[in-house]
Amino acid sequence: MGGCGVDLDTYIVKVFCWIDDCMKILYQDQKLRERGSEPTLSDSEVITIETVGEYLGLDQDKQIFKYFRSHFSHFFPALRKIHRTTFARQAANLWQAKEKVWQCITGLIRLNPYFSIVDSLPIPVCQFARAYRCQLYQGEAAYGKDMLLRQTFYGFRIHVKMAWPGIITRFALVPANVQELKVVYELAEDAPGLYLGDRNYWSPKVKAELRQKLVQLEAPFRKASHDPQPGRSQLISRFRYLIDTVFGQLASQFQIKKVWARDLWHLGSRLLRKILSHTVALFFNQSQDRPLLNVAGLVN
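On a predicted model such as this, the values are computed, not experimentally measured, just so you know.

A few points about the nonpolar core
Phase 1: Residues Tyr 11, Leu 41, Phe 68, Leu 79 and Phe 87 are the most contacted members of the largest nonpolar core, which totals 76 residues.
Phase 2: Per element, the largest residue contribution to this core is 10 residues, and it comes from helix α9 (residues 264-287).
Phase 3: Dropping the residues within four chain positions of it, Tyr 11 is found in contact with Val 6, Val 52, Tyr 55, Val 280, Ala 281, Phe 284, Leu 298 and Val 299.
Phase 4: Counting 16 residues, the second-largest nonpolar core is a separate cluster that includes Val 184, Leu 187, Val 206 and Val 215.

Here's the deal with the packing of aromatic side chains
Phase 1: Per the stated rule, a full pass over the model turns up 19 aromatic pairs.
Phase 2: Between Tyr 11 and Phe 284, the ring centres sit 5.1 Å apart and the planes meet at 80°, which makes this aromatic pair edge-to-face. Of this pair, Tyr 11 sits in helix α1 (residues 8-26) while Phe 284 sits in helix α9, placing them 273 residues apart in sequence.
Phase 3: With a relative accessible area of 0%, Phe 284 lands in the buried category.
Phase 4: Ring plane angle 50° and centroid distance 6.0 Å describe the contact between Tyr 67 and Phe 72, whose orientation is recorded as tilted.
Phase 5: Following the ring pairs from residue to residue traces out a cluster consisting of Tyr 11, Trp 18, Tyr 55, Phe 254, Phe 283 and Phe 284.

Some details on the packing of α1 against helix α2 (residues 43-55)
A pair of packed helices is captured by two measures, namely the crossing angle of their axes and the spacing between those axes.
Phase 1: Put simply, α1 and α2 touch, their axes get as near as 9 Å, and they point 135° apart. Judged on the interaxial angle alone, α2 and α1 are oblique. As for the relative orientation of α1 and α2, their crossing is right-handed in sense. In contact with Leu 8, Tyr 11, Ile 12, Val 15, Phe 16, Ile 19, Asp 20 and Met 23 of α1, α2 contributes Asp 43, Ser 44, Glu 45, Ile 47, Thr 48, Thr 51, Val 52 and Tyr 55.

Comments concerning α9
The periodicity of an α-helix, 3.6 residues per turn, causes residues three or four places apart in sequence to face the same way.
Phase 1: Its 24 residues give α9 an end-to-end C-alpha distance of 35 Å, which sits within 8% of 34 Å, the value for a rise of 1.5 Å per residue.
Phase 2: Its side-chain oxygen placed 3.1 Å from the backbone nitrogen of Trp 265, Asp 263 serves as the N-cap of α9.
Phase 3: Backbone geometry just downstream of α9 places Asp 289 in the positive-phi region, at approximately 55°.

Digging into α2
Phase 1: Counted at 1.5 Å a residue, the expected span for α2 with its 13 residues is 18 Å, and the 19 Å between its end C-alpha atoms agrees.
Phase 2: Most of α2 sits inside the fold, with 13 of its 13 residues counted as buried.
Phase 3: Two residues or fewer past α2, Gly 57 is found with a positive phi of approximately 85°.

Definitions and cut-offs
- Residues numbered from 1 in each chain as written.
- Predicted model: local features only at pLDDT ≥ 70, side-chain atom pairs only at ≥ 80, totals over all residues.
- Heavy atoms only, no water.
- Core = buried A, V, L, I, M, F, W, Y, C linked by side-chain atoms within 4.5 Å.
- Buried < 20%, exposed > 50% of the residue type's maximum accessible area, 1.4 Å probe, protein only.
- Helix = DSSP H or I, 4+ residues; strand = E, 2+ residues; numbered from the N terminus.
- Contact = heavy atoms within 4.5 Å.
- Phe/Tyr/Trp six-rings, centres within 6.5 Å; stacked < 30°, edge-to-face > 60°.
- Axes fitted to C-alpha atoms, helices over the stretch in contact; angles between N-to-C directions.
- Parallel < 35°, antiparallel > 145°, perpendicular 65-115°, else oblique.
- Left-handed = near helix turned anticlockwise from the far one by under 90°.
- Expected span 1.5 Å × (residues − 1).
- Polar contact = N/O pair within 3.5 Å; in protein donor to acceptor, adjacent residues only side chain to side chain.

This is the structure:
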């Protein structure tokens, strides 16, 4: 089917079917809610609206609710019966379900579980000039270095493990001053295989410790000017380019660097739904025999 996209209606229906199937499998033997009545808008509908909304670049609950209520109430008639705050509250409370759905759909994508790339992306919570008087995330956010822009920022870093050929399978949100080598243990936990990192992951000590857990961490020498094996480092970089492509998609189309949340719990939930949305887009491409990472041209 090549590079042809589909219309938005078709995409919404397919995404709903996948998410609803996952929810039925995940909660067939247990209830999502221990008490209370069933919500007016089903949980599968809420997660679908969030997932497609993020793909469309709508990363605020108000934007998503307004857009789908105006244009797709024929698919989700219950949207006209609830208030925006009800939708937002239900969406936020579904973070555990969204995480399980993400893992469910990830398990359906053809990937190499033993070949991964690890890296991190800065998540500023405010402009640097305003950082000293920023009231958000006090005691949680920190100052860090954005190596791409070569400047200091205030906020967090999202560390990811990306399985070849481009599927994020794990992530961790930490203060901006936490080093990559401290987070790689969490990303590689109970997941043996080959991991490629950039120069920030160079550490013979960490490499030896991870080897005992059947994890092979490979990274270019810390300083390029003293690199004893430049050919090896170039080979690693040749494979690592793929994570730059994925980070570019998350930053541009999914606006992962925009922080609308006012606390860490909501921020983590928003990051999760962005990664879920990206993963669903990749699964759709696989199902249509399209290039896996051709995310932008998915919907006509």
